[in-house]
Amino acid sequence: QILISSGVDGDSMADVIALESTLMGMDANYEINRYSDASANFTDWNDLDGSYNAIAAGRSFETVESIYREMFGEFYWESPPQTESPTPVPPSTQTPAPSGASLST
């Protein structure tokens, strides 16, 4: 399973087409998500250039969580302070999020 999440501002369409052609040629199981008004650092809360994009980051984390659930069953995110990226937490220390819940930023 390959997941590629990127900001539209950081990609050229020619690169996206070349990447997808390569993945298709490999018969890869993949998903490409591109987020408008987002650059390469859209998930970095600590980005000093202001590239963090809360909407794109939230959606990308939801996608990652969905794939983890498909692959591993239940998956848990620790609620991080605004200066850290989300980190997985063992199930014994966290209760599952309600169905349909999303990460808030």
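Residues numbered from 1 in each chain as written. Predicted model: local features only at pLDDT ≥ 70, side-chain atom pairs only at ≥ 80, totals over all residues. Heavy atoms only, no water.

Focus on the confidence of the model for the protein chain
So, point 1. Residues at a pLDDT of 70 or more form 70% of the protein chain, whose mean pLDDT is 79.
So, point 2. Averaged pLDDT values for the elements of the protein chain fall to 89 in helix α2 (residues 54-72) and rise to 96 in helix α1 (residues 13-25).
So, point 3. In this model residues 101-105 is a low-confidence stretch, pLDDT under 50, and it forms eight contacts with partners more than four residues away in sequence or in other chains. (pLDDT = per-residue confidence, 0-100. Helix = DSSP H or I, 4+ residues; strand = E, 2+ residues; numbered from the N terminus. Contact = heavy atoms within 4.5 Å.)

Examining α2
So, point 1. In a regular helix each residue adds 1.5 Å, so 19 residues correspond to 27 Å; α2 covers 26 Å between its end C-alpha atoms and thus fits that length.
So, point 2. Among the residues making up α2, those that are buried are A56, A57, G58, S60, F61, T63, E65 and I67.
So, point 3. On its buried face, α2 is in contact with β1 (2-7) and β2 (30-35).
So, point 4. Directly after α2, the chain includes G73, whose backbone phi takes a positive value near 85°. (Expected span 1.5 Å × (residues − 1). Buried < 20%, exposed > 50% of the residue type's maximum accessible area, 1.4 Å probe, protein only.)

What to know about the pattern of salt bridges
So, point 1. Under the counting rule described, the total for this entry stands at two salt bridges.
So, point 2. Salt-bridge contacts for D11 lead to R34; the nearest nitrogen and oxygen are separated by 3.5 Å. Of the two residues, D11 is situated in the loop between β1 and α1 and R34 in strand β2; the sequence distance between them amounts to 23 residues.
So, point 3. With its nearest N and O atoms 2.7 Å apart, the salt bridge here joins R69 to E65. Of this pair, R69 and E65 are both found in helix α2, four residues apart, which corresponds to roughly one turn of the helix. (Salt bridge = Lys/Arg side-chain N within 4 Å of Asp/Glu carboxyl O.)

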